[in-house]
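Descriptive analysis of the structure
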Amino acid sequence: MKPSLIKRRCPAQQTMCRAILACPRQAVIYIVDELEPLGGKIVFDYEKCDECGKCAAECCGQAIEMR
Ligand code: SF4
Ligand code: SF4
């Protein structure tokens, strides 16, 4: 199962994102995107992800689903 973001639950804050810190493979990434209402978004690098689920377990807003 791979992580998937439920955007409406995610404040997309690079400095407070626990999922970024939790990922042992640096596969959770914040990217600036001016088209996003919050100015950026959290994305996953599925090439690096080993589907461990740590990001979902640590996510502060239950915004990551493994599916
Ligand atoms: S911890 Fe979860 S809800 Fe918080 S910014 Fe990261 S992905 Fe979004
Ligand atoms: S499932 Fe594991 S490896 Fe994949 S993004 Fe989440 S914490 Fe990183």
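Each remark here, short or long, concerns the structure printed above.
Counting from 1, residues in each chain are numbered in the order their sequence is written. Numbering of ligands from 1 and lettering of chains from A proceed in the order in which they are written. At least 70 in pLDDT is required for a residue's local features to be given in this predicted model, at least 80 for side-chain atom pairs to be given and counted, and no such filter applies to totals for whole chains, interfaces and linings, which use all residues. The side-chain figures draw on all heavy atoms in the structure; neither hydrogens nor water molecules are used.

A 1.4 Å probe that fits but cannot get out identifies a cavity on a 1 Å grid over protein atoms alone, an open set with protein on both sides within 12 Å along at least five of seven lines counts as a pocket, and a residue lines either if it has an atom within 4 Å of a point. Grid points are joined across faces, edges and corners, and a volume is the space filled by probe spheres set on the points. Using the criterion set out here, one finds two cavities of 30 Å³ or more in the structure. Lining the largest cavity are 16 residues, with Cys10, Pro11, Cys17, Cys59 and Cys60 positioned closest to its centre. Residue polarity is assigned by list, with Asp, Glu, Lys and Arg as charged and Ala, Val, Leu, Ile, Met, Phe, Trp, Tyr, Cys and Pro as nonpolar; anything else, Gly included, falls into the polar class. Classifying every residue of the lining of the largest cavity gives 12 nonpolar, two polar and two charged. If you add up the space inside the second largest cavity, you get close to 80 Å³. Pro3, Cys23, Ala27, Val28, Phe44, Cys49, Asp50, Glu51, Cys52, Gly53, Cys55 and Met66 together form the lining of the second largest cavity. Looking at the lining of the second largest cavity residue by residue, the class counts come to nine nonpolar, one polar and two charged.

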